[in-house]
Amino acid sequence: MDTEDLVRSLTGDLKPVRRLALPVWRAMGWFGLSLAFAAGAAYLVGLRHDLSDMFTDGRFIVEFAAILLTSLMAAAAAFCAGCPGRPLWERFAALPFLCLWVASVVFGCWQDWSRLGAAGMAITPDPICLPTLLAWSALPGAAIFVMVKRGAPLAPLSTTALAALAATALGAAAMRLTHATDANVMVLIWQVGSVALLTCAAMLFGRRILRWPEHPA
Amino acid sequence: MRSAQNGDARAYSLLLAELLPMLRRIVGHKWRNTNNIEDIVQEILLSVHAVRHTYDSNRPFMPWLMTIANRRIADAARYNAGRAAHETTVDIMPETFSGDQPKSTQDLNENHDLLREAMSVLPESQREAIELMKLKELTLAETAKVTGKSIASLKVSVHRAIKAMRAHLEGKQ
């Protein structure tokens, strides 16, 4: 088809479109609804018995806040990645909070080592962790993937990775409220490890999930 | 673009018409293969149209457009690189048949005469072995039964006959 003919066909039957909301508003909307879902589900499942004690621990508060901020900022970054012309640094917005989350867990490992010695670093298999995280993240994950598909597929790999990070971080936060795991090394390997694994897995499917529409409206 | 988002076809048509020469220039600058320039420009236009709802009217238009254009040029480069990895460029397409001409009837007749002449110089026992095994296509066992000779003796006769015929034919050339 001739390019001028293409222009005529694109402009011939033009319909008004609903503008995409700003990434920050979309992220807040997704995070608010997903947080309400996770909190409600955690309450129904049953909160861990030592939760009130855990919230007196400064390190746990920092870790929990870092998980939630990682989720929120990763969602905002995923929505920014789908908007052409936005600065590249926005895609790394979740990185400081992700580092803070991992650092707080590593600091907890060091505290366990100081307090209990080698016993505090004992690693045991926890095969239920990955499917549990997947279950907690499934609904927020489905919602964010539907939302990022409304954007432009400019960076499919990083967009799907950030969306998966947002959903799985929220799932990890819910697990910290319900799953009583004392050893931080177990949290590091099984919870943070599962988040990393699912994020990488989502990245592999990025190009299949986010594509340029072949038949534009 | 703001008007286009609201469904103003005339404003959209003006915008795309103004963008066309610029997009051709940008693609031409980044893309060496001049045959594909129009294809990539069309891809960019289709992409702009498909994601026009992502344009934020509070932000400048050109970075929005250039991000899409650069992305589509990169996609085209990746697609071409992937396709080139499975293709081999040749200057002349190889023929699928031999350049040798088939033998004419005259050539075949001449060959038959030469073979007949070569056989005529063979001793009787060797000529008989060749006739039965190579012309009548009998097996060694059948030939042995017809001639009353042993299989080993027939093998020797055929071998010597072929050697003698070859020498005769080479002497003729």
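1. Side note on the overall build of chain B
Step number 1: Helix and strand counts for chain B come out as 8 helices and 0 strands.
Step number 2: Written out in order from the N terminus, the α and β elements of chain B read α-α-α-α-α-α-α-α.
Step number 3: Taken over 173 residues, chain B has a buried fraction of 20%.
Step number 4: Of all intrachain contacts in chain B linking residues separated by at least 6 positions in sequence, the fraction that spans at least 24 positions is 54%.

2. Focus: the packing of helix 4 (residues 58–81) of chain A against helix 7 (residues 156–178) of chain A
The geometry of a pair of packed helices is captured by two quantities: the angle between their axes and the separation between those axes.
All names here are of chain A.
Step number 1: Contact pair helix 4 / helix 7: the axes reach a minimum separation of 8 Å and the direction vectors enclose 155 degrees. Here helix 7 runs roughly antiparallel to helix 4, going by the angle between their axes. Where helix 4 crosses over helix 7, the handedness of that crossing is left-handed. Between helix 4 and helix 7, the residues in contact are F64, I67, L68, T70, S71, A74, A75, A77, A78 and A81 and S158, T159, L162, A163, L165, A166, A169, L170, A172, A173 and R176, respectively.

3. Section: the nonpolar core
Step number 1: Ranked by size, the top nonpolar core spans 74 residues in total, and within it A74, A75, A77, A78, L162 and A166 of chain A carry the most contacts.
Step number 2: Broken down by element, the residue count for this core peaks at 13 residues, all from helix 7 of chain A.
Step number 3: Leave out the neighbours within four places in its chain, and L162 of chain A touches A74, A77, A78, A81, R91 and A94 of chain A.
Step number 4: Within the second largest apolar cluster, 8 residues are counted, among which are A118, L122, A129 and L154 of chain B.

4. Regarding the confidence of the model for chain A
Note: predicted coordinates in regions of low pLDDT should not be interpreted at a detailed level.
Step number 1: The predicted model of chain A has a mean per-residue pLDDT of 89, with 97% of residues at 70 or higher.
Step number 2: Mean pLDDT across the secondary structure elements of chain A bottoms out at helix 9 (residues 206–209) of chain A, with 80, and peaks at helix 4 of chain A, with 94.

5. Re the domain arrangement of chain B
Step number 1: According to the domain assignment, chain B contains domain 1 (2–84) and domain 2 (119–172).
Step number 2: Computed over C-alpha atoms only, the centres of domain 1 of chain B and domain 2 of chain B are separated by 81 Å.

6. Details of the environment of C80 of chain A
All names here are of chain A.
Step number 1: Relative to the assigned elements, C80 resides in helix 4.
Step number 2: You can call C80 buried: it has 24 C-beta atoms within 10 Å.
Step number 3: In this structure the C-alpha to C-alpha distance between C80 and D13, which are 67 residues apart in sequence, comes to 29 Å.
Step number 4: Among all residues touching C80, those that are not within four sequence positions of it are P23, R86, E90 and R91.

7. Things to note about helix 1 (residues 3–12) of chain A
Step number 1: Listed in full, the buried residues belonging to helix 1 of chain A are V7, L10 and T11 of chain A. For helix 1 of chain A, the arc enclosing every buried residue in end-on projection is 90 degrees, short of the 170-degree limit, so these residues lie on one face. Along helix 1 of chain A, the residues that are exposed and aim more than 90 degrees away from the buried face are D5, S9 and G12 of chain A.
Step number 2: Here the buried face of helix 1 of chain A lies against helix 2 (9–30) and helix 3 (37–50) of chain B.

8. Quick word on the interface of chain B and chain A
It is common to report an interface's size as the accessible area lost on association of the parts.
Step number 1: Taken together, the 29 residues of chain B in the interface contact 23 residues of chain A.
Step number 2: Only helix 1 (2–5), helix 2, helix 3 and helix 4 (61–84) of chain B provide two or more residues apiece to the side of chain B that touches chain A.
Step number 3: The biggest single contributor to the side of chain B that touches chain A is helix 3 of chain B, with 8 residues.
Step number 4: Of the residues contributing to the side of chain B that touches chain A, the split by class is 14 nonpolar, 10 polar and 5 charged.

9. Focus: unusual backbone geometry
Step number 1: In this structure, E137 of chain B takes a positive phi of about 60 degrees despite not being glycine.
Step number 2: Structurally, E137 of chain B can be placed in the loop between helix 6 (124–135) and helix 7 (140–147).

10. Quick word on helix 7 of chain A
Step number 1: Across its 23 residues, helix 7 of chain A extends 33 Å between first and last C-alpha, which sits within 8% of the 33 Å expected from 1.5 Å per residue.
Step number 2: Of all 23 residues in helix 7 of chain A, 19 are buried; the element is thus mostly enclosed.

11. Looking at the confidence of the model for chain B
Step number 1: Residue-level pLDDT values for chain B average 82, and 88% of them are 70 or greater.
Step number 2: Across chain B, the secondary-structure element scoring lowest on mean pLDDT is helix 5 (residues 105–120) of chain B, at 78, and the one scoring highest is helix 2 of chain B, at 87.

12. Digging into the packing of helix 7 of chain A against helix 8 (residues 184–204) of chain A
Residues and elements named next belong to chain A.
Step number 1: The contact between helix 7 and helix 8 brings their axes to 8 Å, and the two run at 155 degrees. Between helix 7 and helix 8, the angle falls in the class roughly antiparallel. You can see that helix 7 and helix 8 cross each other, and the crossing is right-handed. Seen from helix 7, the contacting residues are L157, T160, A161, A163, A164, L165, T168, A169, A172 and M175; seen from helix 8, they are Q191, V195, L198, T199, A202 and M203.
Step number 2: Split by residue class, the contact of helix 7 with helix 8 holds 12 nonpolar, 4 polar and no charged.

Procedures and definitions
Residues numbered from 1 in each chain as written. Chains lettered and ligands numbered in written order. Predicted model: local features only at pLDDT ≥ 70, side-chain atom pairs only at ≥ 80, totals over all residues. Helix = DSSP H or I, 4+ residues; strand = E, 2+ residues; numbered from the N terminus. Buried ≥ 20, exposed ≤ 12 C-beta atoms within 10 Å, placed from the backbone. Contact = placed C-beta atoms within 7 Å. Axes fitted to C-alpha atoms, helices over the stretch in contact; angles between N-to-C directions. Parallel < 35°, antiparallel > 145°, perpendicular 65-115°, else oblique. Left-handed = near helix turned anticlockwise from the far one by under 90°. Core = buried A, V, L, I, M, F, W, Y, C linked by C-beta atoms within 7 Å. pLDDT = per-residue confidence, 0-100. Domains from an automatic or database assignment. Arc of directions from axis to C-beta. Nonpolar A, V, L, I, M, F, W, Y, C, P; charged D, E, K, R; others polar. Expected span 1.5 Å × (residues − 1).

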